Amino acid sequence: MKFGTMDLDSSLYELIPITPIHIGSGNELLPYNYIIKNGIYYKIDITEIYESLPEKEKETFEREIGKGIINFRSYLNRIYNENLGYIYKGEVEEKFNEVYSRKLNGAARVNEENQLIIKEFIENFKGKYIPGSSIKGAIRTAFLSEEGDNINYKLGRKKDSKTAPFVLLDDSGKFPITDKREVANKAKEIEARILNIRRLDPKADPFKNISVGDTSVVEDTVKVFSIERVSKNPEKNSMPMGTVEGVKSLLSCGKEISFTFRMSFKNYRKGTFKGRVRDIIEETDLFQEDLFNYLNAKARKLLDDELVFFKENRNKESEKVCKEIEKILDKIMEESSEDEALIRIGQGAGFNSSTFNLYNKGRNIKINDPKTKVVTDIYPMGWALIRKK
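What this report covers is the structure whose coordinates are included nearby.

Rules behind the numbers
Residues numbered from 1 in each chain as written. Predicted model: local features only at pLDDT ≥ 70, side-chain atom pairs only at ≥ 80, totals over all residues. Heavy atoms only, no water. Salt bridge = Lys/Arg side-chain N within 4 Å of Asp/Glu carboxyl O. Buried < 20%, exposed > 50% of the residue type's maximum accessible area, 1.4 Å probe, protein only. Helix = DSSP H or I, 4+ residues; strand = E, 2+ residues; numbered from the N terminus. Expected span 1.5 Å × (residues − 1). Axes fitted to C-alpha atoms, helices over the stretch in contact; angles between N-to-C directions. Parallel < 35°, antiparallel > 145°, perpendicular 65-115°, else oblique. Contact = heavy atoms within 4.5 Å. Nonpolar A, V, L, I, M, F, W, Y, C, P; charged D, E, K, R; others polar.

1. Notes on the pattern of salt bridges
Argument step 1. With the rule as written, the count across this model stands at 22 salt bridges.
Argument step 2. As a salt-bridge pair, Glu82 and Lys89 come within 3.1 Å of each other at their nearest N and O atoms.
Argument step 3. Given the relative accessible area of 32%, Glu82 is considered partly exposed.
Argument step 4. Look at Lys89 and you get partly exposed, because its relative accessible area is 35%.
Argument step 5. For Arg387, the salt bridge identified is with Glu256, shortest N-O distance 3.6 Å. Taken together, the residues span a long stretch of sequence, with Arg387 in strand S17 (residues 383–388) and Glu256 in the loop between helix H7 (250–253) and strand S13 (259–268) at a distance of 131 residues.
Argument step 6. Residue class for Glu256 comes out partly exposed when judged on its relative accessible area of 46%.

2. Quick word on helix H5 (residues 132–147)
Argument step 1. With 16 residues, H5 should reach 22 Å at 1.5 Å per residue; the first-to-last C-alpha distance of 22 Å fits that figure.
Argument step 2. Of the residues making up H5, those classed as buried are Gly132, Ile135, Ala138, Ile139, Arg140, Thr141, Ala142, Phe143, Leu144 and Ser145.

3. Overview of the packing of H5 against helix H9 (residues 288–312)
Argument step 1. Where H5 contacts H9, the two axes come as close as 8 Å, and the packing angle between them is 80 degrees. Taken together, the axis directions place H5 and H9 in an arrangement best described as roughly perpendicular. Residue-level inspection shows Ala138, Ile139, Thr141, Ala142, Phe143, Ser145, Glu146 and Glu147 of H5 in contact with H9, the latter providing Leu291, Tyr294, Leu295, Ala297 and Lys298.
Argument step 2. Counted by class, the contact of H5 with H9 contains eight nonpolar, two polar and three charged residues.

The following block contains the structure:
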């Protein structure tokens, strides 16, 4: 398609979750925003349920709600059935189902109530979807990672601890940079060097010319599951990280679920720009096949790192999952690397997914490599396949 000074290449793609994905909406669902009954998870609207009740039951409803939230949610669970209405429903892992059933009538300690909070998956008025910004961000990071010939910076820890948050160090590698603006400027400098420009210029950013839309909404994709952080050290206990709404995945449920999205590329014609901006546009003119190659190359590095991690962790089940993902990548590279790619998005995708760490020449493996990974059950989170339709 032609528009004035540019050609627009726009195509449909599909995203297929390989392992469970969670992208949060920022909302938390409390135990009276949902009900779990007979192993099925229902997000509910209390007002809608009230309006659906017979007049006599409405009186009971009003009395029960006045007795406190724990008493009320137990009552609500007793009377609930699908005919009373729900916003959407989904599956729930057995582990959380057991916790819910055990604590429905009240937790032994106050802090145990937090175990019943569910982090909501992002949604619009139609339902659950995967934001185009998440997809584009992962593509951009893969591109910059693979294009960077001289990525070199130093990271330390906020405290004298192997698990404290990372901090960017100054050029000497001794002192942390504490000013947030200075940290942001340093990150921009790294990206500018990769693009071979003096400073980041929106006009010269090749990703300005790439548009990634939000995915379609797909019915019957929600599953509630618990997530935890596991240590590389097999002697250490895992750390619970709460419960989330996620989307079901190929490896966890044996079913291929497809989210559709559109990606468009603006290719400017010669003469549109002048000077250095023209040079940058010509040098970094991007096409879908290039981006898929970048994604697959980064996926290989991430999988190599994960396989080492889970081998040291002695987690044979998670190691086996990583090998299954590796088989998918091998098949892509053999048969369809121009039209398919692995991508990693959402919570739990990990530090190495969203940064240049595996490509950093200033990387200190003992200090800079994460000592933990986020999983749900045996599945490392956030892996997906994208494919041109």
